[in-house]
Amino acid sequence: MPLDPYALREDFPILRKIINGKNLVYLNNAATTQKPIQVVEAIKDYYYNYNSDVLRSVNTLSSQATDLYMEARRKIAGFIDASEDEIVFTRNTTEGLNMVAEALSGRIGRGTVVVTSIMEHHSNLLPWRRTVAKKGGRLVVVGMNRDFTIDMEMVEESLEEGCEILATLHVSNVLGTVNPARELSRLAHKHGSLFILDAAQSVPHMPFSVREVDPDAVAFSGHKMLGPTGIGVLYVRRSMLEEMEPPYLGGGMVKTVSFETQVYEDIPFRFEAGTPNVEGVIGLAAAVDYLRRIGMENIAKHESKLVEHLLEGFDRSMVEVYGPGEVDKHAGIVSFNVKGVHPHDVAQILDADGIMIRSGALCAEPLVNALGASAVARVSFYLYNTLEEVDRFHESLRRVGSLT
Amino acid sequence: MAGDSENLQELLKRFKNPPNYGVIENADVVSEETDYSCGDRLKLYFKLEGERILDVKFTSEACLFCNASASFLADLVRGKTLREALSLKDEDLLRFFNTDSKSPRYRCIVLPLRALRTAFQGLEKR
């Protein structure tokens, strides 16, 4: 059954907010999503009834908190088809990707090739560039096709030249294009390379299984999928996780410590030093429950309908769309510019009508520059957006056009 | 924010073709600044006579706020000494927009001042 955004909106109190005299239209979901009552209530319930340290103390409250925490971990891992010991909690996607780039630095030596793409978010470019620069390796940036998907021929060529690590994003936060993750993974492994996936814009919006995609590592953020900020997930293939050096040492990540030596905890706990973000994990598990109840397939279809309506509504003589511009090639993200008007000014005019969008270089400056722009405006959808909101967006955008 | 939106209508009228926009061909100092978070890019051109600024112009790939601010800045520093120009504060630009450092456009508005400071720091080193 297709999802009913009007029914879901009842769960999001913020969507009733009035901004600049108008009903809020929130179209900045690639940046962060709104939170349903169920997520906020789960966090509240944890603090009012269960708050304690986890995995440490021998007392009833701590054991109840630990049960909740471990149950939440299982749910979150299950959401991407992973086992609970294959995911590491991070702050966000950025931290996850940095952890992987650092952990894999031991595999990078003089001349080692790491491949990434032109469409990467800065988070999947800068960590690799630093690691490669430190170790004397080489970073190769592959381009994209005319339909704004990753250039698979170039990927294959780079892999044939001895690439050790292929790190790409799944869905572009600028273009909205979906890269063929399964195929990239298969190619990388065929050539003996590792495959690292930035799934910040895919896991929240479409069905995703690590068993199906078969990556070596995947990072995503809780706050982009109805969860709280400050909690992210890094999936790492078990064999690789067992090899990885823990990034932080201290409490909670060791089995035994003497003045001379220590024995690290098992995976994944050795990667989670210090008191964990229990609130974040419990909030994210509630978000996962919420998304599962609706169904990821339904969410993807709903967003596709919104994108179709959005693309149809653009006056192409006035608006340049950066991306395939065809609905079947788009996730729920569309970037554009109104000719002759800076995207910040577009965002500001929409804001006066209560419509929140993002403008700028979107943390993907090399890509935005490659598109021939210094900044773009971006609309990004989620399950609570409606076709009516798309209409309101277009109405407001026509006012922008009339100013040129 | 609502105030900024009203500003925008006014700015659109006044700064569609901002005064002081353009290149000074034989400029003594050229300074470029980019705000990476928003993507505004600005170039300032200075013609100097000793310690005095004879003329200033700017080119940009920037939003209206940044362009308007650069335009104001050029009027403010033309004829001033370098010391006087360097003593300008963020507030000297923000007040043209009836806004403060909490404005979402703060970074756009102060970008020209950053370019000015970069220009003269460079000059001092020479």
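What you see is a predicted model; the values in this text were computed from it and never measured.

Enquirer: What is the right way to look at the side chain of Asn173(A) in this model?
Expert: Residues and elements named next belong to chain A. Turning to its location among the elements, Asn173 is positioned in the loop between strand 7 (163-169) and helix 7 (181-190). By relative accessible area, Asn173 is classed as buried at 5%. Side-chain polar atoms of Asn173 contact the backbone oxygen of Leu362, separated by 2.9 Å. With sequence-adjacent residues up to four places away left out, Asn173 is seen in contact with His121, Gln201, Ile333, Leu362, Ala364 and Arg378.

Enquirer: How should helix 2 (residues 64-77) of chain B be read in this particular structure?
Expert: Count 3.6 residues to each turn of an α-helix, and residues three or four apart come out pointing the same way. Residues and elements named next belong to chain B. The first and last C-alpha atoms of helix 2 sit 20 Å apart over 14 residues, in line with the 20 Å expected at 1.5 Å per residue. For helix 2, the tally of buried residues reaches 13 of 14 residues, placing the bulk of the element in the interior. Phi for Gly79, located one or two positions after helix 2, is positive at around 90 degrees.

Enquirer: Sorry if this is basic, but what is going on with the sheet that holds strand 2 (residues 40-49) of chain B here?
Expert: Strands in a sheet are paired, the pairing made by backbone hydrogen bonds, and the direction either parallel or antiparallel. Residues and elements named next belong to chain B. If you walk across this open sheet you meet the three strands as 1-2-3, and the pairing is antiparallel. Strands with a single pairing partner mark the edges of an open sheet, and in this sheet they are strand 1 (29-35) and strand 3 (52-61). Taken pair by pair, the neighbouring strands of this sheet meet at an average axis angle of 20 degrees, ignoring direction. With seven bridges connecting them, strand 1 and strand 2 associate as antiparallel partners. From the neighbouring strand, Glu32 faces strand 2, where its bridge partner is Lys43. On top of the sheet, helix 2 reaches strand 2 and strand 3; it is set at about 175 degrees to strand 3, its chief contact.

Enquirer: How should unusual backbone geometry be read in this particular structure?
Expert: Residue Pro268(A) is reached from Ile267(A) by a cis peptide bond, and omega for that bond is 0 degrees. Among the structural elements, Pro268(A) can be located in the loop between strand 12 (262-264) and helix 10 (278-294). Here the phi dihedral of Phe148(A) falls at roughly 70 degrees; this positive angle occurs in a residue that is not glycine. In this structure, Asn20(B) is a non-glycine residue whose phi angle is positive, near 75 degrees. Along the chain, the position of Asn20(B) falls in the loop between helix 1 (2-15) and strand 1. For Asn20(B), a relative accessible area of 14% translates into the label buried.

Enquirer: Explanation requested: the pattern of salt bridges in the structure shown.
Expert: Side chains bearing opposite charge may pair, as long as their charged atoms lie close to each other. Residue and element names in this part refer to chain A. Scanning the model with the defined rule gives 29 salt bridges over all chains in all. With a closest N to O distance of 2.9 Å, Arg238 and Asp85 form a salt bridge. With Arg238 in helix 9 (residues 238-243) and Asp85 in the loop between helix 3 (60-79) and strand 4 (87-90), this pair connects stretches of sequence that are 153 residues apart. When its relative accessible area of 23% is taken as the criterion, Asp85 is described as partly exposed. With its nearest N and O atoms 2.9 Å apart, the salt bridge here joins Glu183 to Arg186. Of this pair, Glu183 and Arg186 are both found in helix 7, three residues apart, which corresponds to roughly one turn of the helix. Given a relative accessible area of 39%, Arg186 falls into the partly exposed group.

Criteria and cut-off values
Residues numbered from 1 in each chain as written. Chains lettered and ligands numbered in written order. Predicted model: local features only at pLDDT ≥ 70, side-chain atom pairs only at ≥ 80, totals over all residues. Heavy atoms only, no water. Helix = DSSP H or I, 4+ residues; strand = E, 2+ residues; numbered from the N terminus. Buried < 20%, exposed > 50% of the residue type's maximum accessible area, 1.4 Å probe, protein only. Polar contact = N/O pair within 3.5 Å; in protein donor to acceptor, adjacent residues only side chain to side chain. Contact = heavy atoms within 4.5 Å. Expected span 1.5 Å × (residues − 1). Pairing = 2+ DSSP bridges. Axes fitted to C-alpha atoms, helices over the stretch in contact; angles between N-to-C directions. Salt bridge = Lys/Arg side-chain N within 4 Å of Asp/Glu carboxyl O.

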